[in-house]
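One letter stands for each residue in the lines below.
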Amino acid sequence: MAARALDDLIALLAKLPGLGPRSARRAALHLIKQRETLLRRLAVTLTEAADQVRKCSRCGNLDAADPCWICAAPERDDRQICVVEEVDDLWALERSGVFRGRYHVLGGTLSAIDGYGPQDLGIDRLLARVAADRVSEVILATSATVDGQTTAHYIADRLAPSGVVVTRLAHGLPVGGELNYLDDGTLGAALEARRPVPSTAAERA
Ligand SMILES: [Zn+2]
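Below, the structure is looked at part by part. If you're wondering where the values come from, they're calculated on a predicted model, not measured in any experiment.

Each protein donor to the zinc ion is listed here as Cys56 (SG), Cys59 (SG), Cys68 (SG) and Cys71 (SG); together their distances run 2.3 Å. Read in sequence order, the donor residues for the zinc ion give the motif C-x2-C-x8-C-x2-C.

Here it is, written out as structure tokens:
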């Protein structure tokens, strides 16, 4: 039984991003050696995270509260919504301290390969917020990857009928670069120097 518990631990750790079977075995042995100081505390923390961390029904951020702390903050600017791919992109923007509006977290990008479609990105939820709230600008802060760009174009087209101003980060980023790898200064500069996106596909062609 003991051996199976260890095998299960290794098998689960190996599912984590960046951990293959070998590093999963090392991590499992390390956890067993640090049974009280690390393994038991991790078990408690995992349970708490599973019970408490929720996706914000409004923006897709992660928090114990719904709406999340950003959606609930009265001092933030309702007129700007920044669209990001993942919650760690939101974290990167918050670390940079340059954005004081609200967010929409896509949770991914449009991808034919992974079968990820518009319905998975909450685009209708974004359109509803733009229609209902006092939103004057939507900032597309998707990554400089092919999927990130495709997603940004798609969202810009869907937003075009609303008349809201749509801007993109000035990507001084490496091609294929992802937002959360940028240092705070670069990210802040990319946000400050954001550019309007033409309102229709025809204008862009
Ligand atoms: Zn939220």
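Per the stated rule, a full pass over the model turns up 1 aromatic pair. Where Phe99 meets Tyr103, the ring centres are 5.2 Å apart and the plane angle is 65°; that geometry is what we call edge-to-face. For Phe99, a relative accessible area of 2% gives the class buried. Residue class for Tyr103 comes out buried when judged on its relative accessible area of 1%.

On to the pairing of strand E5 (residues 137-140), then. Of the two faces of E5, the one holding Glu137 and Ile139 and the one holding Val138 and Leu140 are both buried throughout. Here 4 bridges tie strand E3 (residues 77-84) to E5, and the two strands are oriented parallel to one another. Directly across from Gln80, in E5, lies its bridge partner Glu137. The parallel pair E5 and strand E6 (residues 165-168), bridged by helix H7 (residues 146-159), forms a crossover whose chirality is right-handed.

This paragraph deals with the nonpolar core. In terms of nonpolar packing, the biggest core is built from 22 residues, with Cys82, Val84, Leu93, Tyr103, Leu169, Leu179 and Leu187 touching the most fellow members. Among the elements of the structure, helix H4 (69-72), E3, helix H5 (87-96), strand E4 (101-105) and helix H8 (184-192) are those that each provide at least two residues to this core. Among the elements that make up this core, the one with the highest residue count is H5 (4 residues). With sequence-adjacent residues up to four places away left out, Leu169 is seen in contact with Ile139, Leu140, Ala141, Leu179, Leu187, Ala190, Leu191, Arg194 and Arg195. Counting 18 residues, the second largest nonpolar core, distinct from the first, contains Ile123, Val138, Leu159 and Val164.

Strands sit in the order E4-E3-E5-E6-E7 across an open sheet of 5 strands; the sheet is mixed. In this open sheet, the two edge strands, each paired with only one partner strand, are E4 and strand E7 (195-196). Relative to E7, E6 runs antiparallel, the two being bridged by 2 bridges. Paired with Arg168 across the bridge in E7 is Arg195.

Tracing the backbone shows Arg76 in the loop between H4 and E3. At a separation of 2.8 Å, a polar atom in the side chain of Arg76 contacts the main-chain carbonyl oxygen of Gly101. Apart from residues lying up to four places away in sequence, Arg76 is in contact with Trp69, Ile70, Glu94, Phe99, Arg100, Gly101, Arg102 and Tyr103.

Cut-offs used in this document
Residues numbered from 1 in each chain as written. Predicted model: local features only at pLDDT ≥ 70, side-chain atom pairs only at ≥ 80, totals over all residues. Heavy atoms only, no water. Donors = N, O, S within 2.8 Å, 3.2 Å for Na, K, Ca; no water. Phe/Tyr/Trp six-rings, centres within 6.5 Å; stacked < 30°, edge-to-face > 60°. Buried < 20%, exposed > 50% of the residue type's maximum accessible area, 1.4 Å probe, protein only. Helix = DSSP H or I, 4+ residues; strand = E, 2+ residues; numbered from the N terminus. Pairing = 2+ DSSP bridges. Right-handed = clockwise from strand over helix to strand, strands pointing away. Core = buried A, V, L, I, M, F, W, Y, C linked by side-chain atoms within 4.5 Å. Contact = heavy atoms within 4.5 Å. Polar contact = N/O pair within 3.5 Å; in protein donor to acceptor, adjacent residues only side chain to side chain.

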